[in-house]
Amino acid sequence: PATMEMSDCWGLRRGQPYLVEDSRNALVCPHLGPHPDGPAYLCLPMMAQGSTIGLLHLAFATGDTPAAQAWREHARLVAEQLALALANLKLRDALREQSIRDVLTGLHNRRFLEESLARELARAEREKHSLAALMLDVDHFKRFNDQHGHEAGDAVLRALGHALRESVRAGDIACRFGGEEFTVVLARTDAAQAREWAERLMRRVRSMAVKAGSQALPGVTISMGLAMFPGESANAETLLQAADLALYEAKRA
């Protein structure tokens, strides 16, 4: 089957190799389906770092010869090595994700933006399409923190992170730039489309009902600055500087 449950394999359920030499007279794993005349098989749970990584399932000719025993021992060693390799890959991916993800908001962080924006600009230039960069932050956030506490401030940032994740498309970039400031990069987007997107986000943020524990918090607003590529920048640094300048002009206005 394309998927299976842990309970569908006796090896996984027991956490140890499960050998069936005669499927007609043995308890067959449910993941094989009804195969009373099927071949002998061996299920090897792939365990590493205290968790189950996967399952190595092998069908083979029956027999309890020294060669068969050696084959099964070799299969067990292969399963152990595969489990360790997969566990290391999962750990590497987890560490990579932690290094580019902001824990509070669930968005990517500034490091990811710096790694990705230059690549997106090169793609936009190569494919001759426009790209929009928006810098935004929460209005009067310091005063909000002072009046309602840091727990309330964190709740606002989490809610804004959720709104951004729900508002961007696959292939766009939404990052927490730092503090209460966020960056959004919209691929294949012209200035009019970017302004429409920004207006939708601002309406969505104004309608957010944010709570800190049981406390309902006052409404939140954001200010935004927009910069376009090509047009206002030659590279990632100048694009973000232009968007940041537009943000401060919006806040002054």
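The preceding data block contains the structure.
Parameters at a glance
- Residues numbered from 1 in each chain as written.
- Predicted model: local features only at pLDDT ≥ 70, side-chain atom pairs only at ≥ 80, totals over all residues.
- Heavy atoms only, no water.
- Helix = DSSP H or I, 4+ residues; strand = E, 2+ residues; numbered from the N terminus.
- Rg over C-alpha atoms; globule rule 2.2 N^0.38 Å.
- Buried < 20%, exposed > 50% of the residue type's maximum accessible area, 1.4 Å probe, protein only.
- Contact = heavy atoms within 4.5 Å.
- Areas by Shrake-Rupley, 256 points an atom, 1.4 Å probe, with all protein chains shown as cover.
- Phe/Tyr/Trp six-rings, centres within 6.5 Å; stacked < 30°, edge-to-face > 60°.
- Lys NZ or Arg CZ within 6 Å of the ring centre and 35° of its normal.
- Core = buried A, V, L, I, M, F, W, Y, C linked by side-chain atoms within 4.5 Å.
- Pairing = 2+ DSSP bridges.
- Axes fitted to C-alpha atoms, helices over the stretch in contact; angles between N-to-C directions.
- Parallel < 35°, antiparallel > 145°, perpendicular 65-115°, else oblique.
- Nonpolar A, V, L, I, M, F, W, Y, C, P; charged D, E, K, R; others polar.
- Polar contact = N/O pair within 3.5 Å; in protein donor to acceptor, adjacent residues only side chain to side chain.

1. What about the overall build of the chain?
Next up, step 1: Secondary structure summary: the chain contains 7 helices and 10 strands in total.
Next up, step 2: Rg of the C-alpha trace for the chain: 27 Å, well past the compact-globule value of 18 Å for 253 residues, more than 25% over.
Next up, step 3: Overall, the C-alpha framework of the chain stretches about 85 × 50 × 30 Å when taken along its three principal axes.
Next up, step 4: By the burial criterion, 40% of the 253 residues in the chain qualify as buried.
Next up, step 5: Long-range contacts, defined as pairs at least 24 residues apart, comprise 58% of the intrachain contacts of the chain with a sequence gap of at least 6.
Next up, step 6: Accessible surface computed for the chain: about 14400 Å², of which carbon and sulfur atoms make up 53%.

2. Examining the packing of aromatic side chains
Next up, step 1: Under the counting rule described, the total for this entry stands at 0 aromatic pairs.
Next up, step 2: The ring of tryptophan 10 is capped by arginine 13, whose NZ or CZ atom sits 4.3 Å from the centre of that ring.

3. Focus: the nonpolar core
Next up, step 1: Core analysis: the biggest nonpolar cluster contains 33 residues, and Leu136, Leu164, Trp197 and Leu201 have the highest contact counts within it.
Next up, step 2: Of all the secondary-structure elements, those providing two or more residues to this core are β5 (131-138), α4 (141-148), α5 (150-167), β7 (181-187), α6 (191-206) and β10 (222-229).
Next up, step 3: Each residue touching leucine 164, except ones within four places of it in the same chain, is listed here: Leu107, Leu136, Ala174, Phe182, Val184, Trp197 and Leu201.
Next up, step 4: Phe112, Leu117, Ala124 and Met135 belong to the second largest nonpolar core, which has 21 residues in total.

4. Points about the environment of proline 17
Next up, step 1: The topology assignment puts proline 17 in the loop between α1 (10-14) and β1 (18-20).
Next up, step 2: Overall, proline 17 belongs to the partly exposed group, its relative accessible area being 46%.
Next up, step 3: Separated by 232 residues in the primary sequence, proline 17 and glutamate 249 place their C-alpha atoms 67 Å from one another.
Next up, step 4: In this structure, proline 17 is in contact with Leu42, Cys43, Leu44 and Pro45, ignoring residues within four places of it in sequence.

5. A closer look at the environment of alanine 192
Next up, step 1: Counting through the fold element by element, alanine 192 comes out in helix α6.
Next up, step 2: For the pair alanine 192 and tyrosine 248, spaced 56 residues apart in sequence, the C-alpha separation works out to 20 Å.

6. Some details on the sheet that holds strand β6 (residues 173-178)
Next up, step 1: Taken in spatial order, the 5 strands of this open sheet run β4-β6-β7-β5-β10, and their pairing is mixed. Edge positions in the open sheet fall to β4 (108-109) and β10, since each of these has one partner strand only.
Next up, step 2: By the bridge criterion, 5 bridges tie β6 to β7 in an arrangement that is antiparallel. Bridging from a neighbouring strand, cysteine 175 pairs with threonine 183 of β7.

7. Focus on the packing of helix α3 (residues 110-127) against helix α7 (residues 236-252)
Next up, step 1: It is at 9 Å that the axes of α3 and α7 come closest, and there the two elements cross at 105°. The orientation of α3 relative to α7 falls into the category roughly perpendicular. Contacts from Leu113, Leu117, Ala118 and Leu121 in α3 reach Ala236, Leu239 and Leu240 in α7.
Next up, step 2: Its residues assigned to classes, the contact of α3 with α7 shows 7 nonpolar, no polar and no charged.

8. Looking at the side chain of threonine 105
Next up, step 1: Here threonine 105 shows up in the loop between α2 (66-100) and β4.
Next up, step 2: The buried category is assigned to threonine 105, whose relative accessible area is 3%.
Next up, step 3: For threonine 105, the side chain forms a polar contact with the main-chain nitrogen of leucine 107, separated by 3.2 Å.
Next up, step 4: In this structure threonine 105 touches Leu157, Gly161, Arg165, Arg176 and Phe182, once residues within four positions along its chain are discounted.

9. Section: the sheet that holds strand β3 (residues 51-60)
Next up, step 1: If you walk across this open sheet you meet the 3 strands as β1-β2-β3, and the pairing is antiparallel. At either margin of the open sheet sits one strand with a lone partner, and together these are β1 and β3. Adjacent strand axes in the sheet meet at a mean angle of 15° when their direction is disregarded.
Next up, step 2: Pairing of β1 with strand β2 (residues 40-48) involves 3 bridges; the strand directions are antiparallel. Counted as the bridge partner of valine 20 is tyrosine 41 from β2.

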